[in-house]
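Single-letter residue listing:
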Amino acid sequence: MGESSTASDGEPIQHGQPTVLIVLGMAGSGKTTLVQRLTAHLHSKQLPPYVINLDPAVSELPFPVNIDIQDTVNYKEVMKQYGLGPNGGIMTSLNLFATKFDQVMNLLQKRSAEVKNIVIDTPGQIEVFTWSASGAIITESLASTFPTVVIYVMDTARSTNPVTFMSNMLYACSILYKTKLPFIVVMNKTDIVDHSFAVEWTTDFTAFQDALNADTSYMSNLSRSMSLVLDEFYNTLKLVGFSAVTGAGTDDLLKAVEEAHEEYVKEYKPEYDKLRERRIKEMKKKEQGKLPTNAELVAEPGIVVTRGIDGAGEDTSDSSDADADNEDAEEDSFMRFLDAKKASAPKT
Ligand SMILES: Nc1nc2c(ncn2[C@@H]2O[C@H](COP(=O)(O)OP(=O)(O)OP(=O)(O)O)[C@@H](O)[C@H]2O)c(=O)[nH]1
């Protein structure tokens, strides 16, 4: 387990509610290096964060971590046992870990008075987290308990083409739709290319149009229209230039995190409070209506020894109740969609 911040008399410092930072981004954008830089900075300010690694396939973590998915789930073993390739292995490992996330939440709640930030590194394959039931479960669990913020990391040097920039921004916007949380775009690697072009493109519509002017392709025309559509997204966007290698922009990033924390409390918390109440009601209903099966009565939970989750039980199931709920909801909505289609189809 990592250290907690301590006062000079050795007593833990009480910090109020911590902010959860979910770090997302395309493979190679610099998520892990950013977490490393941020962690080192916060340690130097005597504010060590609580760090969770959710990437089961990372070979070496360059920062101290409190909870590591790799201590609970063996990704290579998962691939072998389920006959999966690398992506399927990562997805299934995250599913298995999500079934244990209530234990992670208990640990976080116990430590919440002592830490100011909870930092979460996610798998390189961004869709494994953003488009999976387990990613949604983890995000909802965190966001219905703590002020939670998404940090979307972009590689500045690889976004200087306006069409590429637009496709990355559309992706960012789709993640905002999925997570429904305050959103910070971190333009990383500013030691290679300054991010001022991105600030200009997101604040001055004509500057972006000018950048596209030389190009008359279909993608370029589409990007032109899309920049108008994204105007509202850009208006509320917190865009920060950063270099995970040099540390430039760290203060700006922390300031944006503070603002996003406030935004969560004002704008997003009421929705997440409602969601939590609904979940509690659903759980109570399930508990009342469900009798334990014979298997549940005799089952001895296996123990996985982990650095982070003391006494976490090994789980061999491949989906949780919450996963199933989510799938049910998606199936219901798909059935409604089909019914609506059938009803509106011209009669032959
Ligand atoms: N010049 C420069 N290089 C960086 C910066 N941040 C990360 N890198 C480099 O970019 C590469 C990818 O960085 P990672 O931190 O592993 O990126 P990631 O997003 O965690 O990658 P995945 O784990 O594959 O998703 C590494 O070679 C880093 O050294 C930066 O601010 N500046």
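This report concerns the structure included in the present document.

The rules behind the values
Residues numbered from 1 in each chain as written. Predicted model: local features only at pLDDT ≥ 70, side-chain atom pairs only at ≥ 80, totals over all residues. Heavy atoms only, no water. Near = heavy atom within 4 Å. Polar contact = N/O pair within 3.5 Å; in protein donor to acceptor, adjacent residues only side chain to side chain. Areas by Shrake-Rupley, 256 points an atom, 1.4 Å probe, with all protein chains shown as cover. Nonpolar A, V, L, I, M, F, W, Y, C, P; charged D, E, K, R; others polar. Helix = DSSP H or I, 4+ residues; strand = E, 2+ residues; numbered from the N terminus. Pairing = 2+ DSSP bridges. Contact = heavy atoms within 4.5 Å. Axes fitted to C-alpha atoms, helices over the stretch in contact; angles between N-to-C directions. Parallel < 35°, antiparallel > 145°, perpendicular 65-115°, else oblique. Expected span 1.5 Å × (residues − 1). Buried < 20%, exposed > 50% of the residue type's maximum accessible area, 1.4 Å probe, protein only.

## As for the site of the ligand
- Close to the ligand lie 16 residues, the nearest being Lys31, Thr32, Thr33, Asp191 and Ala244.
- At a separation of 2.8 Å, a nitrogen atom of the ligand approaches a polar side-chain atom of Asp191.
- One of the side-chain N or O atoms of Ser243 is found 3.4 Å from an oxygen atom in the ligand.
- Protein coverage of the free-state accessible area of the ligand, which is 640 Å², stands at 68%.
- Of the residues belonging to the shell around the ligand, the class tally is 5 nonpolar, 8 polar and 3 charged.

## Let's talk about the environment of Ala136
- With respect to the element layout, Ala136 can be found in helix H7 (residues 133–143).
- For the pair Ala136 and Thr179, spaced 43 residues apart in the sequence, the C-alpha separation amounts to 7.5 Å.

## Some words on the sheet that holds strand E5 (residues 148–155)
- Strand order in the open sheet formed by 7 strands is E3-E2-E4-E1-E5-E6-E7, and the pairing between neighbours is parallel. Both edges of this open sheet fall to strand E3 (67–68) and strand E7 (238–241), since each of them pairs with a single strand only.
- Looking at chain direction, strand E6 (residues 183–188) and E7 are connected through 4 bridges and run parallel. By the bridge assignment, Met187 is partnered in E7 with Gly241.
- With respect to the sheet, helix H1 (residues 31–44) is in contact with strand E1 (19–25), strand E2 (50–53), strand E4 (117–121), E5 and E6, its orientation differing from that of E1 by roughly 150 degrees.
- Most of the contacts of helix H8 (residues 162–179) go to E5, to which it runs at about 165 degrees, and overall it touches E1, E5, E6 and E7.

## Section: the packing of helix H10 (residues 205–212) against helix H11 (residues 218–229)
- Where H10 meets H11, the closest approach of the two axes is 10 Å, and the angle between their N-to-C directions is 175 degrees. By the criterion of interaxial angle, the relationship of H10 to H11 is roughly antiparallel. For the pair H10 and H11, the contacting residues are Phe205, Phe208, Gln209 and Leu212 in the first and Ser220, Ser223, Arg224, Ser227 and Leu228 in the second.
- In terms of residue class, the contact of H10 with H11 is made up of 4 nonpolar, 4 polar and 1 charged.

## Focus: helix H4 (residues 86–98)
- Across its 13 residues, H4 extends 18 Å between first and last C-alpha, which sits within 8% of the 18 Å expected from 1.5 Å per residue.
- Within H4, the full set of buried residues consists of Gly89, Ile90, Thr92, Ser93, Leu94, Asn95, Leu96, Phe97 and Ala98.
- In this structure, the buried residues of H4 make contact with E3, helix H2 (69–72), helix H3 (75–82), helix H5 (101–111), helix H6 (126–130) and H7.

## Regarding the packing of H3 against H4
- The contact between H3 and H4 brings their axes to 9 Å, and the two run at 110 degrees. By the criterion of interaxial angle, the relationship of H3 to H4 is roughly perpendicular. From H3, Tyr75, Val78, Met79 and Tyr82 reach across to H4, where they touch Pro86, Gly89, Ile90, Thr92, Ser93 and Leu96.
- Of the residues that constitute the contact of H3 with H4, the class distribution is 7 nonpolar, 3 polar and no charged.

## A word on the environment of Ile120
- Looking at the element boundaries, Ile120 is found in strand E4.
- Overall, Ile120 belongs to the buried group, its relative accessible area being 0%.
- Along the chain, Ile120 and Thr139 lie 19 residues apart, while their C-alpha atoms are 10 Å from each other.
- Not counting residues within four places of it along the chain, the set of residues in contact with Ile120 comprises Val20, Leu21, Ile22, Val23, Ile52, Leu54 and Leu142.

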